[in-house]
Amino acid sequence: MEYRELRVPGAWEINTRHFGDDRGVFLEWFKGALFAGASGHDFTLAQANCSVSAAGVLRGIHYADVPPGQAKYVTCAKGAVLDVVVDVRVGSPTYGQWDSVLLDDVDRKAIYISEGLGHAFLSLEDGSTVMYLCSTPYSPEREHEVSPLDPAIGIAWPTTARDGSPLTYELSVKDQAAPSLADAAERGLLPDFASTTNWISSL
Ligand SMILES: Cc1cn([C@H]2C[C@H](O)[C@@H](COP(=O)(O)OP(=O)(O)O[C@H]3O[C@@H](C)C(=O)[C@@H](O)[C@H]3O)O2)c(=O)[nH]c1=O
């Protein structure tokens, strides 16, 4: 396994090692001790999620109030998604910046998104199946969203699917109504960088 910190500090790309044989393939996509050693983040599993999305489905940008926040360790078991991390931590040196990792059933990478960061993904194929481990249980009243199409963030979402066909973005009603990053900041909805990093280092 190889770990690479992304342009947004607190987010990592994880490259997995594949063992292929006549039966198919085997791989480890999460190893707690190795990951903690590489990243300094001691990930404790509280919940595991799965979502299945048609091509063009765009979920996010989502984040949870810190503390405790919700760290996520994400992979794509089937299909392909462009997975994006956005720095929504007010006061962060990389505030408003984003980075992405292609998660698919070929490279079988994973991405880690620490507490206080925004997370979104776009499905590039029908039936894309995203599996993610969460550090805290779902708490709807503590979960927030920022528009994934906010031009000030400027995420370069792909316009074509894996097979080259054009994509029409499909967002939930909640995500369609999500504020811009600037609006969320003005309304005091965003995590604070200093308290987030203090909280993580106390874990
Ligand atoms: C996220 C979540 C949703 N739900 C329910 C609430 C709702 O009825 C239904 C669909 O929820 P949502 O529309 O919020 O699902 P979705 O838009 O897929 O939300 C997810 O997006 C990605 C980008 C993330 O990072 C996740 O943490 C999560 O926020 O599932 C749970 O029961 N548990 C959960 O952990």
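This section reports on the structure supplied with the text. Remember, predicted model here, so these are calculated numbers, not experimental data.

## Notes on the overall build of the chain
Helix and strand counts for the chain stand at four helices and 13 strands. Relative to the globule expectation of 17 Å for 203 residues, the C-alpha radius of gyration of the chain, 16 Å, shows essentially globular dimensions. Taking the principal axes of the C-alpha coordinates as reference, the chain spans close to 55 × 40 × 25 Å. Here the chain holds 203 residues, and the buried ones make up 49% of them. Look at the contacts in the chain between residues 6 or more apart in sequence, and 80% of them connect residues 24 or more apart. For the chain, the accessible area works out to roughly 9600 Å², and carbon and sulfur atoms hold 53% of it. Charge centroids of the chain, computed over 15 positive and 27 negative side chains, lie 4 Å from each other.

## Quick notes on the nonpolar core
Among the nonpolar cores identified, the biggest contains 22 residues, and V86, V146, I153, I155 and W157 are the most heavily contacted of them. At the level of elements, strand 6 (58-64), strand 8 (80-86), strand 11 (118-123) and helix 3 (181-186) are the ones that each hand at least two residues to this core. Ranked by the residues each element gives to this core, the list is headed by strand 8, at four residues. By size, the runner-up hydrophobic cluster in this structure holds 16 residues, among which are A11, V85, L103 and I111.

## Quick look at unusual backbone geometry
In most cases, non-glycine residues show a negative phi, while peptide bonds are predominantly trans. Following G60, the chain continues into I61 via a peptide bond in cis, with omega recorded as 0°. Residue P67 is bonded to the preceding V66 through a cis peptide linkage, with omega at -10°. Looking at where P67 falls in the secondary structure, it is placed in the loop between strand 6 and strand 7 (72-78). Located in the positive-phi region is R108, a residue other than glycine, with phi close to 55°. Looking at the element boundaries, R108 is found in the loop between strand 9 (98-104) and strand 10 (110-113).

Each value, and the rule that gives it
- Residues numbered from 1 in each chain as written.
- Predicted model: local features only at pLDDT ≥ 70, side-chain atom pairs only at ≥ 80, totals over all residues.
- Heavy atoms only, no water.
- Helix = DSSP H or I, 4+ residues; strand = E, 2+ residues; numbered from the N terminus.
- Rg over C-alpha atoms; globule rule 2.2 N^0.38 Å.
- Buried < 20%, exposed > 50% of the residue type's maximum accessible area, 1.4 Å probe, protein only.
- Contact = heavy atoms within 4.5 Å.
- Areas by Shrake-Rupley, 256 points an atom, 1.4 Å probe, with all protein chains shown as cover.
- Lys, Arg positive; Asp, Glu negative; His and termini not counted.
- Charge placed at Lys NZ, Arg CZ, Asp CG, Glu CD.
- Core = buried A, V, L, I, M, F, W, Y, C linked by side-chain atoms within 4.5 Å.

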